[in-house]
Amino acid sequence: MMNAHPDTSEDIRDLYRELILDHAKSPRNFGRLEDPTHTAEGINPLCGDKLRLYLQVSDDHIAKARFEGSGCAISMASASMMTDVVQGLSKSRALAHFEAVRERLTGTDGAINDASLDLGKLQALEGVRDYPMRVKCATLAWHALDSALRGQMMPVSTE
Ligand code: ZN
């Protein structure tokens, strides 16, 4: 007999947990850029997450994104996914992703349904919605991206 509910939300949660753990264990794009055009530091004092983001932007596109730092699994996985996603995007597209992720994690359901944004695996982070403390972990890298692209030199803090 076929399972009547092949895609229970629990299955999806398990899948997402694995994806997050995988990114946390072997973060993509981890390390520093020698010649960044943009950089920003993000701090989440509540959890102790700290990271520095390096971007190389040319022709208004993010050619390379790297990060280094330390923190909980969610903050590291989020930074890993974020750097993966924004490479190759224009600055404005990258910021549109930031807005969409922030809205999804903190806002009301479906406030942003821009089908042109490929959020893909970023949806894995939606599980933190129910845990306000973890939302700061998940959005830290994105706040650093926003800060770097806007050229702010002060460290960005979630507090
Ligand atoms: Zn954290």
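Described below are features of the structure shown in this document. In this text the structure is predicted, and so the values were computed from the model without any measurement. (Residues numbered from 1 in each chain as written. Predicted model: local features only at pLDDT ≥ 70, side-chain atom pairs only at ≥ 80, totals over all residues. Heavy atoms only, no water.)

### Some details on the coordination of the zinc ion
Okay, so step 1: Around the zinc ion, the protein contributes the donor atoms Cys47 (SG), Asp49 (OD), Asp49 (OD), Cys72 (SG) and Cys137 (SG), which lie 2.1 to 2.7 Å from the metal centre.
Okay, so step 2: Each donor residue of the zinc ion lies on the same chain, and together they follow the pattern C-x1-D-x22-C-x64-C. Here Asp49 is found in strand β2 (residues 49-58), whereas its partner Cys137 is found in helix α4 (residues 132-149), with 88 residues between them in sequence.
Okay, so step 3: Look at Asp49 and you get buried, because its relative accessible area is 0%. (Donors = N, O, S within 2.8 Å, 3.2 Å for Na, K, Ca; no water. Helix = DSSP H or I, 4+ residues; strand = E, 2+ residues; numbered from the N terminus. Buried < 20%, exposed > 50% of the residue type's maximum accessible area, 1.4 Å probe, protein only.)

### Details of the packing of aromatic side chains
Okay, so step 1: Per the counting criterion, the structure on display carries 1 aromatic pair.
Okay, so step 2: Measuring from ring centre to ring centre gives 5.2 Å for Phe30 and Phe67, while their planes differ by 85°; the resulting arrangement is edge-to-face. Highlighted residues: Phe30 in the loop between α1 (9-25) and β1 (38-44) and Phe67 in strand β3 (residues 61-70), separated in sequence by 37 residues. (Phe/Tyr/Trp six-rings, centres within 6.5 Å; stacked < 30°, edge-to-face > 60°.)

### Comments concerning the pairing of β3
Okay, so step 1: Sheet analysis places β2 next to β3, joined by 9 bridges and oriented antiparallel. Its bridge partner lying in β3, Arg52 is registered against Glu68.
Okay, so step 2: The antiparallel hairpin formed by β2 and β3 contains 2 residues in its connecting segment, where Asp59 sits at a positive phi of about 55°. (Pairing = 2+ DSSP bridges.)

By themselves, these observations are geometric and do not establish any function.
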